[in-house]
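Fold and geometry: a report
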Amino acid sequence: MIISVHVPKCAGTSFKTVLRGVFGDRMWDNYGTIFTREQARVSLVPEGTECIHGHFFADAFESLYPESPMVTFVRHPVERLVSHYHYFLRNPDRPDGCCKILHERGLSLREFADLDWMRNQTTRYFRGRGVGDFAFVGIAEQFEESLFLFEEALGCQVRQPVPHENVNPERTRPYYGLTVADYGYILERNQSDLLLYEQALQRHRKQLAAATAQVA
């Protein structure tokens, strides 16, 4: 069993397509069924499942599958939060509390960044786990390179072409254009996520260099 934690706005939708190509019907899209460890029940997991992917905390399946490798993607916390803001503006998800507040109050980007649930969201999803507790941690900004490392780590082959899904159609460049002040404001409120991102990026660079050297 492979446990794939989809941190919101961290390339999880594209990665889901990748996993579907690898596992087919043996992958379970767990969105809205099991989110926390307390909700986990074997009876809720479809028979024959070999990969669980979705929005849930990293420890959600710990009691059911304690030896299963975990995989995930992370993204720079400023880009992640700004992407979430624009996603909610484009796709009102009324049952989501933060989205509901955003539209009802007409929140600015900074006001959205002040919402507790939006701050350090990757850290929240990791539930005290570090980068080293995951068999694979991809970098959203380096999606294709990350999939190469995913193949190395899990011993599987990703189908081509590589998907890029659920992206902002109005964004014309790789990164969101923010003022220095707004960038700093958001970054200050996501320091735990920044630390995890930097650790994941450092690990990614070392693994990619090692893998490239072997191929050469």
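Residues numbered from 1 in each chain as written. Predicted model: local features only at pLDDT ≥ 70, side-chain atom pairs only at ≥ 80, totals over all residues. Heavy atoms only, no water.

Considerations on the environment of Ser108
This is how it is decided: Here a helix means four or more residues in a row that DSSP labels H or I, a strand means two or more in a row labelled E, and each is numbered from the N terminus. Relative accessibility decides the category of a residue: with a 1.4 Å probe and only protein chains considered, values under 20% of the type maximum give buried, values over 50% give exposed, and everything between is partly exposed.
Relative to the elements of secondary structure, Ser108 occurs in the loop between helix H3 (97-105) and helix H4 (109-113). Given a relative accessible area of 32%, Ser108 falls into the partly exposed group. C-alpha separation for the pair Ser108 and Tyr85, spaced 23 residues apart in sequence, amounts to 9.1 Å.

Quick word on the sheet that holds strand E1 (residues 2-5)
What counts is decided by this rule: Any two strands with at least two DSSP bridges between them are considered paired. With axes taken as lines fitted to C-alpha atoms, and helix axes fitted only over the stretch in contact, angles between N-to-C directions fall between 0 and 180 degrees. Two residues qualify as a contact provided that any one of their heavy atoms is within 4.5 Å of a heavy atom in the partner residue.
Read from one edge to the other, the open sheet built from five strands follows the order E2-E3-E1-E4-E5, with strand pairing classed as parallel. In the strand order of this sheet, the two ends are held by strand E2 (27-29) and strand E5 (136-139), each with one partner. Taken pair by pair, the neighbouring strands of this sheet meet at an average axis angle of 15°, ignoring direction. Bridge count for strand E4 (residues 70-74) against E5 is four bridges, and the pairing is parallel. In the sheet register, Thr72 faces E5, and the bridge partner there is Val137. Across the sheet, helix H6 (residues 143-154) touches E1, E4 and E5, and the angle it forms with E5 is around 170°.

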